[in-house]
Amino acid sequence: MKNNIIYPQLLQLDAYFLNFLRISIFIVMVWIGGLKAFHYEADGIVPFVANSPLMSFFYKNAGNKVINADKKWVAEYTLYKNPEGKVVQKNIDWHQENGTYAFSYGLGTMIVVIGAMVLLGIWFPKIGALGGVLTFLMSLVTLSFLITTPEVYVPNLGGDGVTPQSGFPYLSGAGRLVLKDIIMMAGGLVLFSDSLKKVVRPLRQ
């Protein structure tokens, strides 16, 4: 097969594939980071941030507990989430006071910047290497939500019987979204390695 004229060309494809990975991460980062400027997305990340020991201090009401309509103690934020596609002003007011939107704007900006650094790695390997490391670290924090956030697992809401698939390891929609970041983590490491090789190679010549 090594004598096949196509074989050497196939070996050159890795550079294109790695750049496609950079572009893919850039698209995801810019899209998701950009959405952090909108209320519905900022509302959606509240359970993750409020339960995270690394980030909960950004919110004013992260640790507050209140009694809900079922006379149960719950995290206060659970009473103020706007369903996606619905606007409730009292919920917005609570999130503004909580610092939900200010934090989301900052987080979104950071995500967009990291995505841009990853993309710039196509032309500037030093920047790309840093972008790869930051992508890995960001994904590591996101994956920590699998430990800290109750909402990532299917809750037992009762009904006609005990919910047979609830708790660990049954991931909710939020949990399935978080778990996918392990792919982003791997991608960050691969791009860090590739960019580092490009930085070191000229120094050895």
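Thresholds, definitions, all that
Residues numbered from 1 in each chain as written. Predicted model: local features only at pLDDT ≥ 70, side-chain atom pairs only at ≥ 80, totals over all residues. Heavy atoms only, no water. Helix = DSSP H or I, 4+ residues; strand = E, 2+ residues; numbered from the N terminus. Rg over C-alpha atoms; globule rule 2.2 N^0.38 Å. Buried < 20%, exposed > 50% of the residue type's maximum accessible area, 1.4 Å probe, protein only. Contact = heavy atoms within 4.5 Å. Areas by Shrake-Rupley, 256 points an atom, 1.4 Å probe, with all protein chains shown as cover. Expected span 1.5 Å × (residues − 1). Core = buried A, V, L, I, M, F, W, Y, C linked by side-chain atoms within 4.5 Å. Salt bridge = Lys/Arg side-chain N within 4 Å of Asp/Glu carboxyl O.

## What to know about the overall build of the protein
The number of helices and strands found in the protein is ten helices and two strands. Helices and strands appear in the protein in the N-to-C order α-α-α-α-β-β-α-α-α-α-α-α. A compact globule built from 205 residues would reach a C-alpha radius of gyration of about 17 Å, whereas the protein, at 21 Å, exceeds it by more than 25%. Dimensions along the principal axes, computed over C-alpha positions, put the protein at roughly 75 × 40 × 30 Å. Expressed as a percentage of the 205 residues in the protein, the buried residues total 35%. Counted over contacts in the protein with a minimum sequence separation of 6, partners at least 24 positions apart contribute 60%. Looking at the protein as shown, the accessible area adds up to about 12,900 Å², and 68% of this sits on carbon and sulfur atoms.

## Topic: helix α6 (residues 100-120)
The terminal C-alpha atoms of α6, which comprises 21 residues, lie 30 Å apart, in line with the 30 Å expected from a rise of 1.5 Å per residue. Thr100, Tyr101, Phe103, Ser104, Leu107, Gly108, Ile111, Ile114, Gly115, Met117, Val118 and Leu119 are the residues of α6 that are buried.

## Details of the nonpolar core
Ranked by internal contacts, the top residues of the largest apolar core, which has 29 residues, are Ile45, Tyr59, Phe103 and Val178. Elements represented by at least two residues in this core include exactly α2 (13-35), α4 (46-51), α6, α7 (125-143), α8 (145-148) and α10 (181-204). Here this core takes five residues from α6, the largest share from any one element.

## As for the pattern of salt bridges
A complete count under the given rule lists three salt bridges for this structure. Residue Asp194 is joined to Lys198 by a salt bridge in which the shortest nitrogen-to-oxygen separation is 3.5 Å. Residue Asp194 and its partner Lys198 are located together in helix α10, separated by four residues, close to a single helical turn. For Asp194, a relative accessible area of 15% puts it in the buried group. You can call Lys198 partly exposed: its relative accessible area is 29%. Because the salt bridges share partners, they merge into one network encompassing Arg22, Asp194 and Lys198.

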